[in-house]
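What the coordinates show
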Amino acid sequence: MITIHDFFDTKINEATAITVGKFDGMHRGHELLMNRILSRKPEEKACMITFETSPRTILHGESNGSLITREERHFELEKQGLDYLAECQFSERFMHLSPEEFVENLVRNFHMSYMAVGSDFRFGYKGQGTPAVIRELSQKYGFTFEEIPKIQYHSRDISSTFIREDISLGKIKEANTLLGYPYFIWGQIIHGNHIGTKMGIPTINQIPPKEKLLPPNGVYITEVEIDHRLFHGITNVGKKPTVQDMGPVGVETHILDFQGDVYEKEAKVLFLDYIRPERKFDSLDELKAQIKMDTKCALDFFNS
């Protein structure tokens, strides 16, 4: 996958199928758009146009937590077979593009021959561009255009905002339904305080990026992907109050069916269901007993 950072000076010399949007969640609606451009291969290369930083963050300073970080998005898109990822800067020049200037640049510099966008897509200066405008421009500039209807769940459009609400409330199974895959945290495994190992319950520790949206502090049933192998786990999100009073929120996972040295490897922790809130125990023995109950809960989940 080739990553592009300059919207205006890029020159692609092969036909592309393009989708455009914020893609700040990579949910089921986004999957429809991805499937459309990937289905055009090999005659056209698959290209996504998005932003390095959300326009809402730049314009209003709003940051509600990322459902997917840039690194996670790169990893997932490359795995899906995307050929070009253009992460544009939401600059003054970009912000003031008219709808026709935007489309003309895609045809001229990105060699666009096909475009698919969602029915709620807006682009160009002050959001003047709509799917109807693109359809008119497709006739003028000679590319195929497809408008993709929004997917609904319980009579509400699936959106990143909808998913953030569910994750913030700890409604993991509901969020996963909207995403179309388990919500995950991806990052390097670091050394912790090794208290889990001393208790006979070894864990892996991760410090998620500060921009990543985390579910509420608590214990979750998870799966853990390391070196393309998938394991069962239970994961604590929080500050581990029984063993430390201060510190950043971390992600600590006890892998149920694996032992070995995985420090400095990367792990993808996939959240499947919620078990209980995080709490402070009076002793490590009490904590150990609770972890055994959490483990039984997870094993029952996987066995069912």
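Note that the coordinates shown come from a computational prediction; the quantities given were computed from them, not determined experimentally. Throughout, residues of each chain are indexed from 1 in the direction in which the sequence is written. Selection of residues for local features in this predicted model requires a pLDDT of at least 70, selection of side-chain atom pairs for listing and counting requires 80 or more, and totals for whole chains, interfaces and linings are taken over all residues. In computing side-chain properties, one takes all heavy atoms of the structure into account and sets aside hydrogens as well as water.

When helices and strands are counted, the chain shows ten helices and 14 strands. Its C-alpha atoms put the chain at 70 × 35 × 35 Å along the principal axes. The buried share of the chain, taken over its 304 residues, is 48%. Any two residues whose heavy atoms approach within 4.5 Å at even a single point are treated as in contact. When contacts within the chain are restricted to residue pairs at least 6 apart in sequence, long-range pairs at least 24 apart make up 74% of them. With an accessible surface of roughly 15,100 Å², the chain has 49% of that area assigned to carbon and sulfur atoms. A run of DSSP states H or I qualifies as a helix once it reaches four residues; a run of E qualifies as a strand once it reaches two. Both are numbered from the N-terminal end. Any residue under 20% of the maximum accessible area for its type is buried, any over 50% is exposed, and the rest in between are partly exposed; the area is computed with a 1.4 Å probe on protein chains only. For every accessible area listed, the method is Shrake-Rupley and the probe measures 1.4 Å; residues are considered covered only by the protein chains on display.

On the secondary structure map, tyrosine 274 appears in strand E14 (residues 266-277). For tyrosine 274, a relative accessible area of 34% corresponds to the partly exposed category. Separated by 104 residues in sequence, tyrosine 274 and glycine 170 place their C-alpha atoms 7.0 Å apart. With residues up to four places along the chain from it excluded, the contact list for tyrosine 274 reads Gly170, Val219 and Tyr220.

Our focus in this paragraph is the packing of aromatic side chains. Stacked, tilted and edge-to-face pairs are distinguished by plane angle, under 30 degrees for stacked and over 60 for edge-to-face with tilted covering the rest, among Phe, Tyr and Trp rings (Trp via its six-membered ring) whose centres lie within 6.5 Å. Under the counting rule described, the total for this entry stands at 14 aromatic pairs. Taken together, a centroid distance of 5.6 Å and an interplanar angle of 35 degrees make the contact between phenylalanine 7 and phenylalanine 110 tilted. Of this pair, phenylalanine 7 sits in the loop between strand E1 (2-4) and strand E2 (16-20) while phenylalanine 110 sits in the loop between helix H5 (99-109) and strand E5 (112-118); the two residues are 103 residues apart in sequence, bridging distant segments of the chain. Exposure class is identical for phenylalanine 7 and phenylalanine 110. Each is buried. A ring pair is formed by phenylalanine 121 and phenylalanine 123, whose centres lie 5.3 Å apart and whose planes are at 10 degrees; its orientation type is stacked. In this structure an aromatic cluster arises from ring pairing among Phe7, Phe8, Phe51, Phe94, Phe102, Phe110, Phe121 and Phe123.

So, on to the sheet that holds E5. Here the rule is simple: two strands pair whenever DSSP picks up at least two bridges between them. Pairing within the open sheet is parallel, and its six strands lie in the order E1-E4-E3-E2-E5-E6. This sheet does not close on itself; its edge strands, each paired only once, are E1 and strand E6 (144-148). Taken over all neighbouring pairs, the strand axes of this sheet differ in orientation by 20 degrees on average, direction set aside. Note: E5 against E6, five bridges, orientation parallel. What sits directly across from alanine 116, in E6, is glutamate 146. Across the sheet, helix H3 (residues 70-80) touches E1, strand E3 (45-51) and strand E4 (84-88), and the angle it forms with E4 is around 160 degrees. Lines fitted to C-alpha atoms define the axes, with helix axes restricted to the stretch in contact, and inter-axis angles between N-to-C directions lie between 0 and 180 degrees.

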